[in-house]
Amino acid sequence: DGREMAGARHLLETGGVRAASAEALAGLCTRLDALIDAQEAAVRRQDRDEFVQLCMSFHRGFVEVAGNGVLLDFSDRLRSRQAVMLHQSLRTIDADAQVLVDEHRALLEVHEHRLRAVHRFEQQEVGDLGDTAPPRLRQPRGERFAALVQQAAQLAQIAVEDRMAL
């Protein structure tokens, strides 16, 4: 049950991040950083219940960022099951709490690195093709980038659907 739950959570979180705008993702970084700081404080206070809630809020943030109520509903149903499992393991959480915080910090760093890479990509010059440029390249860079992101999301969805068909 734990592996299936982790897999489902991963799909929801990555789907949320893929569907989010660049602005929403930047705001997510700030929010996640604050949640990690609060997790570290809860570990120091040995407040297990607060730590569990903060961990679940951390993961929910990746789904919330999409602004999709259906994804969020799925996430909340999964969150209820996760809360039960985490509370059942409260006795052992002290030994693993700092490891979880470190994993969350590393995940945030990867997310921030990805955002910086996306920003650099968005700022790249496509080239001065003048009037010979196809209409899609005459769009402002932000619109071109949004179109590329949308195409990538569609391809990712097709890949997921293909896997599910197997």
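Just so you know, these numbers come straight off a predicted model, no measurement behind them. (Residues numbered from 1 in each chain as written. Predicted model: local features only at pLDDT ≥ 70, side-chain atom pairs only at ≥ 80, totals over all residues. Heavy atoms only, no water.)

(A) Focus on the overall build of the chain. Per the secondary structure count, the chain includes six helices and zero strands. Along the chain direction, N to C, the helices and strands of the chain fall in the order α-α-α-α-α-α. Relative to its 166 residues, the chain shows a buried fraction of 28%. Sequence-distant contacts in the chain: of pairs separated by 6 or more residues, those separated by 24 or more amount to 72%. When the accessible surface of the chain is split by element, carbon and sulfur atoms take 54% of a total near 10900 Å². (Helix = DSSP H or I, 4+ residues; strand = E, 2+ residues; numbered from the N terminus. Buried < 20%, exposed > 50% of the residue type's maximum accessible area, 1.4 Å probe, protein only. Contact = heavy atoms within 4.5 Å. Areas by Shrake-Rupley, 256 points an atom, 1.4 Å probe, with all protein chains shown as cover.)

(B) Main features of helix α3 (residues 48-64). In this model α3 runs 24 Å from its N-terminal to its C-terminal C-alpha over 17 residues, within 8% of the 24 Å that 1.5 Å per residue would give. Restricting attention to buried positions, one finds in α3 the residues Phe51, Val52, Leu54, Cys55, Met56, Ser57, Phe58, His59, Arg60, Gly61, Phe62 and Val63. (Expected span 1.5 Å × (residues − 1).)

(C) Region of interest: the confidence of the model for the chain. Looking at the chain as a whole, the pLDDT averages 77, with 69% of positions reaching at least 70. At the low end of the mean pLDDT range in the chain sits helix α6 (residues 141-165), at 57; at the high end sits helix α2 (residues 22-45), at 92. Per-residue pLDDT stays below 50 along residues 125-130; that stretch engages in four contacts with residues further than four places along the chain or on separate chains. (pLDDT = per-residue confidence, 0-100.)

(D) Expanded view of α2. Given a rise of 1.5 Å per residue, 24 residues ought to cover 34 Å, and the 35 Å separating the end C-alpha atoms of α2 matches this to within 8%. Looking only at α2, the buried set comprises Leu25, Leu28, Cys29, Leu32, Leu35, Ile36, Gln39, Ala41 and Ala42. A positive backbone phi angle near 55° is found at Gln46, which sits one or two residues after α2.

(E) Quick peek at the packing of helix α1 (residues 2-19) against α3. Where α1 meets α3, the axes come as close as 6 Å, and the angle between the chain directions of the two elements is 50°. If you check the angle between α1 and α3, you find them oblique. Residues Arg9, Leu12, Glu13, Gly16 and Val17 of α1 pack against His59, Phe62 and Val63 of α3. Broken down by class, the residue content of the contact of α1 with α3 amounts to four nonpolar, two polar and two charged. (Axes fitted to C-alpha atoms, helices over the stretch in contact; angles between N-to-C directions. Parallel < 35°, antiparallel > 145°, perpendicular 65-115°, else oblique. Nonpolar A, V, L, I, M, F, W, Y, C, P; charged D, E, K, R; others polar.)

(F) Summary view of the packing of aromatic side chains. The tally for this structure, following the rule as stated, stands at one aromatic pair. Here the aromatic rings of Phe58 and Phe62 are separated by 5.4 Å at their centres, their planes lie at 80°, and the arrangement is edge-to-face. With Phe58 and Phe62 both in helix α3, this residue pair falls four residues apart, about one helical turn. Here the two residues Phe58 and Phe62 agree in accessibility, since each one is buried. (Phe/Tyr/Trp six-rings, centres within 6.5 Å; stacked < 30°, edge-to-face > 60°.)

(G) Spatial organisation of unusual backbone geometry. We note that Gln46 has phi near 55°; this positive angle belongs to a residue other than glycine. Topologically, Gln46 is positioned in the loop between α2 and α3. Accessibility expressed as a relative area gives 60% for Gln46, which makes it exposed.

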